[in-house]
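What follows is each chain in one-letter form.
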Amino acid sequence: MAETIVALATPPGVGGIAVVRLSGEAALTVAAKVFFPHNAAKKVENAKGYTALYGKFMADGRELDDGVALFFRAPHSYTGEDVAELSCHGGPVVAQSLIDACIAAGARPAGPGEYTRRAFVNGRIDLTQAEAVMSLIDAAGRQGAALARTALDGALARRIQEFKQRLVALAGHIAAWVDFPEEDVPALAPEALAATLDEVSAGLAELIKNFGAGAVLREGVDAAIVGSPNVGKSTLLNLLAGFDRAIVTPIAGTTRDVVEQAVMLGGVRVTLRDTAGLRDTGDVVEAEGIRRSRRAMEEAGLILAVFDGSAPLAEADRQLAADCAGRPAIAIVNKSDLPQQFDTAAVAGSFSEVVTLAAGRGEGAEALGEAVRRVLGVAGLDPNVPCLVSRRQYAAACEARDALAEAKNALGGGFGLDAVSVCVDDALSALCRLTGEDASDAVVEEVFSTFCVGK
Ligand code: GDP
């Protein structure tokens, strides 16, 4: 049986309450040394699962705090072990003192992700769910959290399971047919074989396709706001931020460095980088700013290229449009409240979306949000569909898809069922790796080492 571990389960810092979690065989024995129920007739060691007691937290004979202890009994707990959750008043000092008291009473500090690792080892969750926990902790926006939640509920695990069952049935059938010719195993019709390969491949392709969009929703993107001086970049940043983040003046060249601000745009967390206007300049500081803004543009996952609708098209605008071609870029034609002179058609071809707005009047943020969702491919993403939530899962799904493509080739090329069966086995082992069913220690280590302590 594993040692009993302890850690803060709630975020560090000041809060209404803090939860210190104990897990392991001695969880209740340790709890009994630091927690004394108000009703002296109650014994912590005998507490049943899913019950709570009110009492005092003590260390070295000194009262630390009063609060509630919740008990879970193996295997009906998050980790599958005996668990005690001690809720004290929020604040780093009390919670830390309580953790110290638990350590003095025989627990040891939990390593990163150790609770979730134990849940995995004890068969409470599979690897996709373990990674979903991590993703949920990190999720940037509400939709990203919903996606992670879906995986946590096991939707992804069920989907992969379904793929695996179909492939196992196929592999079994081929093996039986090839290895036991004397038995009366019915031959597999090549069309039926091809249909199964195609259907599972299509399912995997769907998961793979949604991974990028899911990652955008969970993690957000970095966006560069670029354009000539005075087109309204800082005004746009301030509009999206909801407060005056950047200095706005009618003097060209005011923004000399990159100003950063995270905002929610169309449900996506977008870290906006307002850059120095792109223009030729003799000013060294401004020139450095422009260099940085070009780099911000190259690194950005989203480019917001701003043009002044009230000014005629300039050479710099053409250049900017050319630089944006083939990138995830939106043309924003600003100052729509003024008489329009800009030739939008001349730049539109370089952008997948064109939005006309008046940032100075506080108008257009919503239309821009919708354009952002379309450009980033998240507009049609249903947060309730199963979704791969880590690069590791993504890589395994791609491997399975490629192995199935090879199986299809082998079938088409007349290489015989042996060759098909080898490829199907490869696909199966990639899928097993995805859910961690035969996960090697190295994979498990990698997954859990990225967790934060206490989860
Ligand atoms: P930047 O140099 O591109 O960051 O441009 P700024 O945001 O500093 O704006 C330059 C000037 O354009 C300022 O005087 C703004 O008030 C003005 N401006 C920005 N947006 C609009 C708009 O939608 N309509 C009008 N009429 N003026 C605007």
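Only a predicted model underlies this, so the values are computations on that prediction, with no experimental measurement involved.

Visitor: For the overall build of the protein, give the residues involved together with the corresponding values.
Guide: Broken down by element type, the protein carries 15 helices and 13 strands. Across the 455 residues that make up the protein, the buried fraction comes to 49%. Counting only contacts in the protein whose residues sit at least 6 apart along the sequence, the fraction spanning at least 24 positions is 66%. Surface summary for the protein: the accessible area is close to 20,800 Å², and the carbon and sulfur share equals 53%.

Visitor: Tell me what's going on with unusual backbone geometry, and back it up with residues and numbers.
Guide: Cis geometry is adopted by the peptide bond preceding Pro75, which originates at Ala74 and carries an omega value of 0°. Checked against the element boundaries, Pro75 lands in the loop between strand E5 (62-72) and strand E6 (83-89). Positive phi outside glycine occurs at Tyr50, with the angle close to 60°. For Tyr50, the position within the fold is in the loop between strand E3 (35-37) and strand E4 (51-59). Phi is positive for Asn230, which is not a glycine, with a value near 70°. Here Asn230 is to be found in the loop between strand E8 (221-226) and helix H8 (233-241).

Visitor: Explain the site of the ligand residue by residue, including any values.
Guide: As a structural note, the neighbourhood of the ligand is formed by 18 residues, with Asn230, Lys233, Ser234, Thr235 and Asp337 the closest of them. One of the side-chain N or O atoms of Thr235 is found 2.5 Å from an oxygen atom in the ligand. Gly360 is positioned with one of its backbone polar atoms (N or O) 2.9 Å from an oxygen atom of the ligand. Considering the ligand on its own, with 590 Å² of exposed area, one finds that the protein chains cover 82% of that surface. In terms of residue count, H8 provides more of the shell around the ligand than any other element does, 3 residues in total. Of the residues that constitute the shell around the ligand, the class distribution is 7 nonpolar, 8 polar and 3 charged.

Visitor: Go over the pairing of E8 with me, naming the residues and quoting the values.
Guide: Counting buried positions along E8 gives 5 out of 6 residues, so the element sits mostly inside the fold. Examined bridge by bridge, E8 and strand E10 (residues 268-274) share 5 bridges and lie parallel to one another. Bridging from a neighbouring strand, Ala224 pairs with Arg273 of E10. One ladder, built from 4 bridges, connects E8 with strand E11 (residues 302-308); its direction is parallel.

Visitor: So, helix H7 (residues 190-219): which residues are in play, and what are the values?
Guide: For H7, spanning 30 residues, the distance from its first C-alpha to its last is 43 Å, which sits close to the expected 44 Å at 1.5 Å a residue. At Phe211, H7 shows its maximal bend, which comes to roughly 35°. Just downstream of H7, Gly220 is the residue with a positive phi angle, here 80°.

Visitor: So what's going on with the confidence of the model for the protein? Which residues, and what values?
Guide: Counting all residues, the mean pLDDT for the protein is 83, and 81% of those residues have values of 70 or more. The least confident element of the protein is helix H15 (residues 441-449), whose mean pLDDT is 53; the most confident is helix H1 (residues 27-34), at 97. Contacts of residues 249-257 to residues separated by more than four positions or lying in other chains number 25 contacts, the stretch itself having pLDDT below 50.

What counts, and at which threshold
Residues numbered from 1 in each chain as written. Predicted model: local features only at pLDDT ≥ 70, side-chain atom pairs only at ≥ 80, totals over all residues. Heavy atoms only, no water. Helix = DSSP H or I, 4+ residues; strand = E, 2+ residues; numbered from the N terminus. Buried < 20%, exposed > 50% of the residue type's maximum accessible area, 1.4 Å probe, protein only. Contact = heavy atoms within 4.5 Å. Areas by Shrake-Rupley, 256 points an atom, 1.4 Å probe, with all protein chains shown as cover. Near = heavy atom within 4 Å. Polar contact = N/O pair within 3.5 Å; in protein donor to acceptor, adjacent residues only side chain to side chain. Nonpolar A, V, L, I, M, F, W, Y, C, P; charged D, E, K, R; others polar. Pairing = 2+ DSSP bridges. Expected span 1.5 Å × (residues − 1). Bend = angle between axes of the 7 residues up to and from the residue. pLDDT = per-residue confidence, 0-100.

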